[in-house]
Amino acid sequence: MHPAFSVIFLTTLIGVGQGLFLALFTAHTYALFGLLPDQDGQRFYAYGSLITLLFMGGGLIASFFHLGRPERAWRTATQWRTSWLSREVIVLPAFMGMVLLYGMVHLLDWKLVLVTLPSGLPIDVSVLLGSLAWLLAFALFVCTGMIYACLRFLREWHTPLTVINYILLGGASGFTLAAAFSAFAAPALVGFFAGWSVIITLLGLASRIAALSRNARLQPKSSLQTAIGVKHPRIRQTAMGFMGGSFNTREFFHHVRRPALRAVKWFFLAGAFVVPALLLATGVSAATPVVLILAFIVQYSGLVAERWFFFAQASHPQNLYYQDVVSG
Amino acid sequence: MTQLALVIDLNVCVGCHACVTSCKEWNTSGAAGALADQNPYAADPTGTFFNRVQTFEVGTFPRTETVHFPKSCLHCEDPPCVPVCPTGASYKRKEDGIVLVDYDKCIGCKYCSWACPYGVREFDEKQKVMKKCTLCVDRIYDLSLPEVDRKPACVKACPTSARLFGDIHDSESEVSVAIRDNGGYQLMPEWSTHPANHYLPRRKTSVHIHADELERADNPLKIDRQQPQPGKAEPSLDDVTSW
Amino acid sequence: MSPPLQEIKNTTCYMCACRCGIRVHLRDGEVRYIDGNPDHPLNQGVICAKGSSGIMKQYSPARLTQPLRRKPGAERGSGEFEAISWEEAFATLTERLAKIRSTDPKKFALFTGRDQMQALTGLFARQFGTPNYAAHGGFCSVNMAAGMIYTIGGSFWEFGGPDLDRAKLFVMIGTAEDHHSNPLKIAIAKFKRDGGRFVSINPVRTGYSAIADEWVPIRPGTDGALLLAIIHEILAQGLYDRDFLVRYSNAGQLVNQDEANDEFGMFVRTEVPAEEACYDPQNKLWWDRQTNRPVLTHAPGADPFLLGEFTLSDGTRVKPAFQLLQDRVRDYTPDWAEQITGIPAATIRRLAHEMGVTARDQKIELPISWTDSWGVEHDTVTGNPVAFHAMRGLAAHSNGFHSIRALAILMSLLGTIDRPGGFRHKAPFPRPIPPCARTPTSPLAVKPDTPLDGMALGWPSDPDDLFIHEDGTPVRIDKAFSWEYPLSVHGLMHNVITNAWRGDPYRIDTLMIFMANMAWNSTMNTVEVRKMLNDKDTEGPNAGEYKIPFIVVADAFQSEMTAFADLILPDTTYLERHDVMSMLDRPISEFDGPVDSVRIPVLPPTGECKPFQEVLIELGTRLKLPVFVTKEGSRKYRDYPDFIVNYETEPGSGIGFLSGWRGQGGEKFMRGEPNPNQWEMYAKNNCMYHHELPKSYQYMRNWNQGYLEWSQRMRITRYAEPILIHLYSEVLQKFRSAAQGKGITRKPPQHLRQRLVTYFDPLPFYYETLEGQATDRQKYPLAAITQRPMAMYHSWDAQNAWLRQIHTYNHLYVNADTARRNGIADGDWIWVESQWGKVRCMARHSEAVEPGTVWTWNAIGKAAGAWNLTPDANEAQQGFLLNHLISEELPGNGAGRLISNSDPVTGQAAWYDVRVRISKAGPDELEQSSPQFDALPAYPGMAERPDWLAFFAGGKK
Ligand SMILES: Nc1nc2c(c(=O)[nH]1)N[C@H]1C(S)=C(S)[C@@H](COP(=O)(O)OP(=O)(O)OC[C@H]3O[C@@H](n4cnc5c(=O)[nH]c(N)nc54)[C@H](O)[C@@H]3O)O[C@H]1N2
Ligand SMILES: Nc1nc2c(c(=O)[nH]1)N[C@H]1C(S)=C(S)[C@@H](COP(=O)(O)OP(=O)(O)OC[C@H]3O[C@@H](n4cnc5c(=O)[nH]c(N)nc54)[C@H](O)[C@@H]3O)O[C@H]1N2
Ligand code: SF4
Ligand code: SF4
Ligand code: SF4
Ligand code: SF4
Ligand code: SF4
Ligand SMILES: [Mo]
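A quick note: this is a predicted structure, and the numbers were derived from the prediction, not measured.

Enquirer: What exactly am I supposed to notice about the overall build of chain C here?
Expert: When its secondary structure is counted, chain C shows 26 helices and 37 strands. Taken over C-alpha atoms, the radius of gyration comes to 27 Å for chain C, in line with the 30 Å a tight globule of 957 residues would show. With the C-alpha coordinates of chain C rotated into their principal frame, the extents come out at 85 × 70 × 65 Å. Taking all 957 residues of chain C together, the buried fraction comes to 71%. On chain C, roughly 28,800 Å² of surface is accessible, and the fraction owed to carbon and sulfur atoms is 49%. Here chain C contributes 101 positive and 112 negative side-chain charges, whose respective centroids are spaced 1 Å apart.

Enquirer: Could you clarify how one ought to interpret the packing of aromatic side chains in this entry?
Expert: The geometry of two aromatic rings is summed up by the distance between their centres and the angle between their planes. Under the criterion given, the structure shown has 84 aromatic pairs over all chains. Consider the rings of B:Phe69 and B:Tyr199, whose centres lie 4.9 Å apart with planes at 10 degrees: the pair is stacked. Of this pair, B:Phe69 sits in strand S5 (residues 65-72) while B:Tyr199 sits in strand S11 (residues 198-200), and the two are 130 residues apart along the sequence. Ring centres of C:Phe765 and C:Tyr767 lie 5.0 Å apart, and the angle between their planes is 35 degrees; this geometry places the pair in the tilted category. For C:Tyr767, a relative accessible area of 7% puts it in the buried group. Lying across the ring of A:Tyr321, B:Lys71 places its NZ or CZ 4.2 Å from the centre. Above the ring of C:Trp831, the side-chain terminus of C:Lys838 is found at 4.3 Å from the ring centroid.

Enquirer: Quick question: what am I supposed to make of the nonpolar core here?
Expert: Looking at soluble globular proteins, one finds that nonpolar side chains tend to be buried together. Formed by 476 residues in total, the largest nonpolar core has its most connected members in C:Phe388 and C:Phe643. A per-element tally of this core places helix H1 (residues 5-32) of chain A first, with 14 residues. In this view, C:Phe388 contacts C:Phe156, C:Pro162, C:Phe170, C:Val171, C:Ile173, C:Met355, C:Leu407, C:Leu410, C:Met411 and C:Leu414; residues no more than four positions away in its chain are not counted. Counting residues in each nonpolar core, the second largest holds 9 residues, with B:Ala178, B:Ile179, B:Ala196 and B:Leu200 among its members.

Enquirer: Please clarify how the sheet that holds strand S2 (residues 37-38) of chain B should be interpreted in this entry.
Expert: Strand pairing in a sheet is mediated by backbone hydrogen bonds. Such pairs are either parallel or antiparallel. Overall, antiparallel pairing links the 3 strands, which are arranged S3(B)-S2(B)-S37(C) in an open sheet. Looking at which strands have only one partner, the edges of the open sheet turn out to be strand S3 (46-47) of chain B together with strand S37 (948-949) of chain C. Bridge count between S2(B) and S37(C): 2 bridges; the pairing is antiparallel. Bridge pairing links B:Gln38 to C:Trp948 in S37(C).

Enquirer: Looking at this structure, I do not really get the confidence of the model for chain C. What am I missing?
Expert: Residues shown with low pLDDT carry predicted positions that ought not to be read at fine detail. On average, chain C scores 95 in pLDDT, and the residues at 70 or more come to 99%. Overall fold confidence for the complex sits at a pTM of 0.96, while the interface term, ipTM, reaches 0.96.

Enquirer: Explain helix H10 (residues 321-329) of chain C to me, please; I cannot follow it from the model alone.
Expert: Residues spaced three or four apart along an α-helix face the same direction, because each turn holds 3.6 residues. All names here are of chain C. A large share of H10 lies buried, amounting to 7 of its 9 residues. For H10, the complete set of buried residues consists of Ala321, Phe322, Gln323, Leu324, Leu325, Gln326 and Val329. Buried positions along H10 lie against helix H8 (223-237), helix H9 (242-248), strand S12 (254-256), strand S16 (317-320) and helix H14 (400-413).

Enquirer: What is the right way to look at the environment of C:Asp509 in this model?
Expert: Residue and element names in this part refer to chain C. For Asp509, the position within the fold is in the loop between helix H15 (496-502) and strand S23 (510-514). Residue classification places Asp509 among the buried residues on the basis of a relative accessible area of 17%. For the pair Asp509 and Tyr574, spaced 65 residues apart in sequence, the C-alpha separation works out to 30 Å. Not counting residues up to four positions away in its chain, the partners in contact with Asp509 are Arg96, Ile100, Lys107, Ile548, Pro549 and Phe550. There is a polar contact of 2.6 Å between the side chain of Asp509 and the side chain of Thr510.

Enquirer: Mind showing me how you'd approach the packing of helix H9 (residues 258-286) of chain A against helix H10 (residues 289-313) of chain A here?
Expert: For any two helices packed against each other, the geometry comes down to the angle between their axes and how far apart the axes lie. Residues and elements named next belong to chain A. Where H9 meets H10, the closest approach of the two axes is 8 Å, and the angle between their N-to-C directions is 155 degrees. With respect to each other, H9 and H10 are oriented roughly antiparallel. The crossing of H9 and H10 is left-handed. The residue inventory of the contact of H9 with H10, partitioned by class, reads 20 nonpolar, 6 polar and 2 charged.

Conventions used here
Residues numbered from 1 in each chain as written. Chains lettered and ligands numbered in written order. Predicted model: local features only at pLDDT ≥ 70, side-chain atom pairs only at ≥ 80, totals over all residues. Heavy atoms only, no water. Helix = DSSP H or I, 4+ residues; strand = E, 2+ residues; numbered from the N terminus. Rg over C-alpha atoms; globule rule 2.2 N^0.38 Å. Buried < 20%, exposed > 50% of the residue type's maximum accessible area, 1.4 Å probe, protein only. Areas by Shrake-Rupley, 256 points an atom, 1.4 Å probe, with all protein chains shown as cover. Lys, Arg positive; Asp, Glu negative; His and termini not counted. Charge placed at Lys NZ, Arg CZ, Asp CG, Glu CD. Phe/Tyr/Trp six-rings, centres within 6.5 Å; stacked < 30°, edge-to-face > 60°. Lys NZ or Arg CZ within 6 Å of the ring centre and 35° of its normal. Core = buried A, V, L, I, M, F, W, Y, C linked by side-chain atoms within 4.5 Å. Contact = heavy atoms within 4.5 Å. Pairing = 2+ DSSP bridges. pLDDT = per-residue confidence, 0-100. Polar contact = N/O pair within 3.5 Å; in protein donor to acceptor, adjacent residues only side chain to side chain. Axes fitted to C-alpha atoms, helices over the stretch in contact; angles between N-to-C directions. Parallel < 35°, antiparallel > 145°, perpendicular 65-115°, else oblique. Left-handed = near helix turned anticlockwise from the far one by under 90°. Nonpolar A, V, L, I, M, F, W, Y, C, P; charged D, E, K, R; others polar.

And the structure:
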């Protein structure tokens, strides 16, 4: 597939946003149970939510660049019964709305207690909103992941690992950002976030490697033989029917040579996982926000590369019909 | 239930591209139009076409087959491109199985094209919507056209009548018979998309000539092959035998 | 908003020379859709890729819209023009041409390319008085026409074809697309569906060959060897149709074998007729089997020996022509042919057996009674269902004439001429062998202010028919009908520019080119020829003047050729003009009878475009050429449609351009007074007239008394004599005899004698192509050929926004093995070199090409800026023209002599003889085709080229 930057930024930016929110709300929950110190709602949760929204908004804007007719975007919500894309389009604003409310509640310091648990724990509005947003964040990860994972023909994507990766990679980047953010807003939580971030990053690494090795072993299901229905071991295309390119040669090919592709792979494995994990570890011990910010920036760039690779590695069966793409 | 489709006979397709440009021509000024072309008079001209004819070489010299392979939307019976569409712009018609795009609803997200394994959807870079073969819906039901013209433009154009059009669910239709009689097949059956369009394979006619055919009593050589005629003066048995 | 106005108008397509019937659908006056006319006999409703792209031709920004004059001071070829009015254009032309005409009319040369109005252009030239007229035939496929017409009185091309409706075996040789584009596709598909067996003999497997049941790859230029070996096998096995040959060919006729005799090689005649008309008088002899003595051919009850050697009473040794054929092919064994063609001997034998056995054992008997020329009644028409088709793969070689003769003879041996399932003629064929038209025979035919005394093109039957001076030198600028190319029945257009530039045989003043791209794809040696067009005299009285002083180009587009014009006349497109596909030219006849057709404008002319037809009539009127003016010298025809209706070949002849609806009320056919409503009648009838012959006239027409008499009555042919197949060609023998100093005809100059003796062999023989003979095979091991792409017409479709997306540039296809052995990877840039030039292009590996052949699609490569493409367009940057590698001349025999790179019999351009070598381009070399030319600018009046095209007829959706 041709990696479209709009989609790369959409998925990575909202991944950060979702991950950041999950980090915030995890801290919130921990704090609720007294496992972490309470934080200043305004400074931490409200600003945290704002940053989440900024990332989500950035993703949203990027996504519009992918649409031919953005003015009709509202129509996308209609097919939630069948289309993961439609579902994503519904869940994404729902999540953003929920995060907005969650942030507002914290900003206004609105502590309306809804119920008190038998243990005496008061559940206020922010916890409810946070839980809902937490669910929506996961739902959104699932939707986004499923957009790709549901495409049977794109066998590199058609695996639960795709969804898991979206969750873990989004989560890792979000937690890393949370670590950096907390260095300013809640220094006490730096260790917590950084710790989880390293764990999720390493889990992400494991699952991404699992996906890579799965893909490396994938046997293509379609072949030129099944594509044109001729049984002979040696079939070669000599003309595609056009010579100046077409949508089918632009959308589904990355035109990048193998060595470059491999370089990107190593870059993202290092950039999205190994280096940030190391930086996070040093960042916590050195307790300097600069390193944590660096960790985030490195990880985010790594993820952009990862997402680029995710597209580039997926080989679409339609390409069988456009083999002649190199020499026209 | 009706499922309209094209059946393409690779046994007679000569790769002339008549179906390609007649399709473009009909559709650019029709319901699907205008089909845009970019750089029409410059480097790398590229445009939206619903139908392309490709060429494949099968085998190695001298046992080579050159296969011309026309391809347009196959109007899958289980079209993966439809459910993924977030707007409902892509849909499959119940009444005749034609898979269509509603250009007024399409947001140009291209997702449907990802979901089609056959590479037959083409994004119109000018109108920014997804387009594809319509099976010429705006011809085949147009009662203002004479009956013979109520066929897809490509079918009408094809000089070898390699393109048949009809209802593959009607077992007596021309297309069903052609599929049945000639080993019609579907593309990439492994994805269970059940393409409605079918292809008919190459079929070979050969002859066998028996050695006897080269002998035969009526061989004209037997007429013209002159027996040697010795001169009258040459010796013969006649001259020396007396009994 | 009022609903868009929809209209359907019928006319005839001209996206190629096939001339299908089309329906043009208009919306608010713009072309919305073009489809095939289902009621048209030719295409039966189908259309092709080009035909469907007519819209993009009509609205192409490459269209010329104004008469243009080369800017004073601008170099030819630079494409700098200024617009002028038609009045200025006509005034300039009239003045110049009138002067030429009143001094030396041959200094005006009119050459036309893919022209379908040769009847009119030819008439104009003849009226002008110049011998220098020809159309594309000479550089196209004249070998096909001559080789077959001199053998069976008809030919493939527009003159006849394979009857695939009834054939069982179809053998196609060297055909990629052909003029009979849609009809052939319709027929082949139907043939295959009906279970027929299709064999294709071609170095390349694409297009039609792709769907053949068997592909027989052959080395280019060697078909003669294959066909002769097949004939060998057919004769050896007795697989010929003896009865057919006896009655309908000269197989049994006795040929004088007395070497010493002046009549050596000629048929023995009972008497010499007082006046030899252009038919074979029936005064030849057979050796009768019953009576064992010579008898007049076709004597009732007689049956000739086809084999043997006999002595006439006067001691003359004679052999039947068939025996000579057998002698000829004796050594042409399949094993011999295998070495030459690369086709296994076993395959050659099998093919021969398939042909012979199918022809013999699957006979068709149609219950159609007919009478032959000797008065014998037949209850049935017999068919031997083996059909052939061949085109330029045979024709475009310098040994093509004899290969094609071999093919025609093979077809005759199998008994397939004008019979069901075999070859079928199309009116006006069959014609006598050779047809009656003759050129003048002396330069005296060219006189100031006088029409040419004779036809510019004709069919020589002996050396006395040549168009030469006393000293044997040619009268025509292209040297056609001279001793160098005696049977060049379509001229040698490919030599015109070189000859005129060199002044050999003489200089001319004005060269008018219509519908030919002679600065590009219809010229060989393109780089040099472009220089010649631009070359000036450096000394003498005309120093500083162009060697070809004035060039007029009538074209519809900004082509490479127009750039070299001094005056450009913008033509209309086929949708904007009246036109006729006339019986006087090459009509679109069907097997079952004559068909002619017309174009009727469906759109008004664009800009100031004027149909060239109108231009000729206007010019003819201004120049007061006799047919265009009254006795008093005033205008006779209002315009072209008026001319078409009212012109008669001779006053009162009743023969005109259109054969249908003649006579006052349109009640007559072929002959009849002018009908003022003729156009309307064509318009009402799908723009064509189809005269279906009675069944009994549809077959065996060479010898079908009823048909021949009908054809004579209709004035299609002058005589109704039977047209016997010339297995043995006495016409050729006459030239050979002359070269041997025998006979009473003119004799060739010394330096050409051996050439004539060699190539004017009365029986087909195989020789390596002239270029092959002049090439070191080690150095240039590969043959290079082109093919017609089905979706492009010559050079003229690069301006078509849709078609150019299909063929944007071209590769050189190389057999994958051959490529690897030369270190060339798929997609590499390579150099292709011949003895004459080199080009850089991109290579593609292919398994569908014979290992000793490389090929490319013809005329896809373009000069930068031409056709109003941007200079960086792929056509110019990646596309290439093979013509740069082909020379228009070869070293001749004798010091410094050059001969045309053509068939020595017919002057057919030998496009497919060139031999090349290939090598990978260096790593630092540009990835760009070579040679490159300075980019052409757009001319005044041409439309802007848009960046986007979203054509929607009748305005926005
Ligand atoms: N689409 C389209 N149609 C056209 C034209 C066009 O430009 N485009 N041009 C028109 C014109 S002007 C003409 S003359 C006709 C020509 O019609 P064709 O004769 O069909 O045209 P070519 O492309 O020259 O085809 C020559 C074929 O002969 C093969 N060949 C070459 N050398 C040999 C040989 O030595 N032996 C054998 N057996 N085969 C050989 C080539 O591979 C090729 O397949 O087409 C007409 N129709
Ligand atoms: N290498 C190689 N060269 C070849 C051949 C080959 O096989 N290989 N084939 C040869 C053969 S068979 C042929 S016939 C020639 C053909 O060669 P040409 O006769 O030169 O044919 P075109 O390239 O079509 O050029 C015809 C011109 O007609 C113009 N034209 C198109 N429509 C109209 C119109 O309506 N009116 C006017 N006035 N002009 C119009 C076009 O713009 C173009 O400039 O090429 C020959 N050249
Ligand atoms: S061929 Fe592709 S676009 Fe057409 S119905 Fe099937 S999946 Fe959809
Ligand atoms: S591009 Fe259009 S038709 Fe395709 S999925 Fe998106 S909205 Fe649906
Ligand atoms: S059916 Fe119509 S839209 Fe589809 S390929 Fe044929 S002409 Fe084009
Ligand atoms: S029009 Fe017919 S023969 Fe030509 S490419 Fe299309 S399917 Fe094949
Ligand atoms: S074959 Fe030639 S005449 Fe017929 S439709 Fe095609 S371009 Fe037109
Ligand atoms: Mo030609």
